[in-house]
Amino acid sequence: GDSVTQTEGLVTLTKGLPVMLNCTYQTTYSPFLFWYVQHLNEAPKLLLKSSTDNKRTEHQGFYATLHKSSSSFHLQKSSVQLSDSALYFCALSDGGTGSKLSFGKGAKLTVSP
Amino acid sequence: EAAVTQSPRNKVTVTGGNVTLSCRQTNSHNYMYWYRQDTGHGLRLIHYSYGAGNLQIGDVPDGYKATRTTQEDFFLLLELASPSQTSLYFCASSDYSQNTLYFGAGTRLSVL
């Protein structure tokens, strides 16, 4: 079945440094990938979603590129801010049977001053 | 923006108890979902629905029933609650063409 792997459980960075959160996936369908962000005591919300193969998508300073050759959709930001502290989930849609999303286990990003 | 309302926001019950979690969306979305969130496991899909009267099995359905009574309303039922069902439960809705989930604020359930 479909699956999403996120390797970093906890990431701690100082403000201003770059970040990359890894996301790899397995699916037999054409992949649609998403990043959701969940701030403390809030609901998850969409951060960005994949476009076509090898095309970068950006939102709020975060960006990611779908690479079908490596089954990856890593999330990056060049300079993290304190407000970026949150839980980040990568998600995969099966597309073929209607928006059923499979989520990774999440990566908790903590940004310190 | 899409509106998904969950109730109650917090619930405490005892082992063997009967619990119903409610979710209402007012966005005319066809799809609704129930997820549970646990540390180290991320978000796991329990049940989902394509529309009123429809029910699809998710990835962790054991111990849960669900019912979609209208396009707006989706319920999650725990008929014999167990401590392993202590969790944060999220309801979500989506329009298939957008392929984006809109989440409710969550229900924190404790089974003692």
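**Focus: the state of the cysteines**
For the structure on display, the rule yields 2 disulfides over all chains. Each sulfur in the disulfide pair Cys23 of chain A and Cys90 of chain A lies 1.9 Å from the other. In this structure the cystine formed by Cys23 of chain A and Cys90 of chain A twists about its S-S bond by roughly -65 degrees; its chirality is therefore left-handed. One end of the pair, Cys23 of chain A, is in the loop between β3 (19-21) and β4 (24-26); the other, Cys90 of chain A, is in strand β10 (residues 86-93), and 67 residues separate them in sequence. In this structure Cys23 of chain A comes out as buried when scored by relative accessible area, which is 0%. In this structure Cys90 of chain A comes out as buried when scored by relative accessible area, which is 0%. Paired by a disulfide, Cys23 of chain B and Cys91 of chain B hold their sulfur atoms 1.9 Å apart. Here the disulfide of Cys23 of chain B and Cys91 of chain B is left-handed, its torsion about the S-S bond being about -75 degrees. Taken together, the residues span a long stretch of sequence, with Cys23 of chain B in strand β3 (residues 19-25) and Cys91 of chain B in strand β9 (residues 87-94) at a distance of 68 residues.

**Focus: the interface of chain A and chain B**
On the side of chain B, 22 residues touch chain A, which itself brings 21 residues to the contact. Both sides of the chain A and chain B interface together cover about 1,700 Å² of buried area, and 50% of this is carbon and sulfur. For the interface between chain A and chain B, the tally reads 0 salt bridges. The tally of links from chain A across to chain B stands at 4 residue pairs in polar contact (both at pLDDT 80 or more). Looking at the side of chain A that touches chain B, the elements with two or more residues in it are β5 (32-38), β6 (45-49), β10 and β11 (101-103) of chain A. Broken down by element, the side of chain A that touches chain B gets its largest block of residues, 4 residues, from β5 of chain A. Residues that form the side of chain A that touches chain B fall into these classes: 10 nonpolar, 7 polar and 4 charged.

**Quick notes on the side chain of Gln25 of chain B**
Residue and element names in this part refer to chain B. The residue Gln25 is located in strand β3 in this model. Residue Gln25 is classed as buried on the basis of its relative accessible area, which comes to 1%. Within the local environment of Gln25, its side chain forms a polar contact with the backbone nitrogen of Asn27, the two atoms lying 3.0 Å apart. Residues in contact with Gln25, not counting those within four places in the same chain, are Ala3, Val4, Met32, Arg68, Gln71, Glu72 and Ser93.

**Observations concerning the nonpolar core**
Counting 25 residues, the largest nonpolar core has Trp35 and Tyr88 of chain A as the members making the most contacts within it. Looking at this core, the elements with two or more residues in it are β2 (10-14), β3, β5, β6, β8 (62-65), β10 and β12 (107-112) of chain A. Top contributing element to this core by residue count: β10 of chain A, with 4 residues. Excluding residues that lie within four positions of it along the chain, Tyr88 of chain A makes contacts with Gln6, Leu21, Trp35, Tyr36, Val37, Leu47, Phe62, Leu75, Gly106, Ala107 and Leu109 of chain A. Within the second largest apolar cluster, 18 residues are counted, among which are Tyr36 of chain A together with Leu45, Leu88 and Phe103 of chain B.

**A short note on the layout of surface pockets**
The computed volume of the largest pocket comes to approximately 700 Å³. Within the lining of the largest pocket, the residues separate by chemical class into 10 nonpolar, 14 polar and 6 charged. The volume enclosed by the second largest pocket comes to roughly 280 Å³. Lining the second largest pocket are 18 residues; nearest its centre among them are Asp2, Ser3, Ser102 and Phe103 of chain A together with Asp59 of chain B. Taken together, the elements giving at least two residues each to the lining of the second largest pocket come down to β1 (3-5) and β11 of chain A together with β5 (42-49) of chain B.

How each quantity is defined
Residues numbered from 1 in each chain as written. Chains lettered and ligands numbered in written order. Predicted model: local features only at pLDDT ≥ 70, side-chain atom pairs only at ≥ 80, totals over all residues. Heavy atoms only, no water. Disulfide = S-S within 2.5 Å. Helix = DSSP H or I, 4+ residues; strand = E, 2+ residues; numbered from the N terminus. Buried < 20%, exposed > 50% of the residue type's maximum accessible area, 1.4 Å probe, protein only. Contact = heavy atoms within 4.5 Å. Buried area = accessible area lost by both parts, 1.4 Å probe. Salt bridge = Lys/Arg side-chain N within 4 Å of Asp/Glu carboxyl O. Polar contact = N/O pair within 3.5 Å; in protein donor to acceptor, adjacent residues only side chain to side chain. Nonpolar A, V, L, I, M, F, W, Y, C, P; charged D, E, K, R; others polar. Core = buried A, V, L, I, M, F, W, Y, C linked by side-chain atoms within 4.5 Å. 1 Å grid on protein atoms, 1.4 Å probe; cavity = no way out; pocket = protein on both sides within 12 Å on 5 of 7 lines; lining within 4 Å. Points joined across faces, edges and corners; volume = space filled by probe spheres on them.

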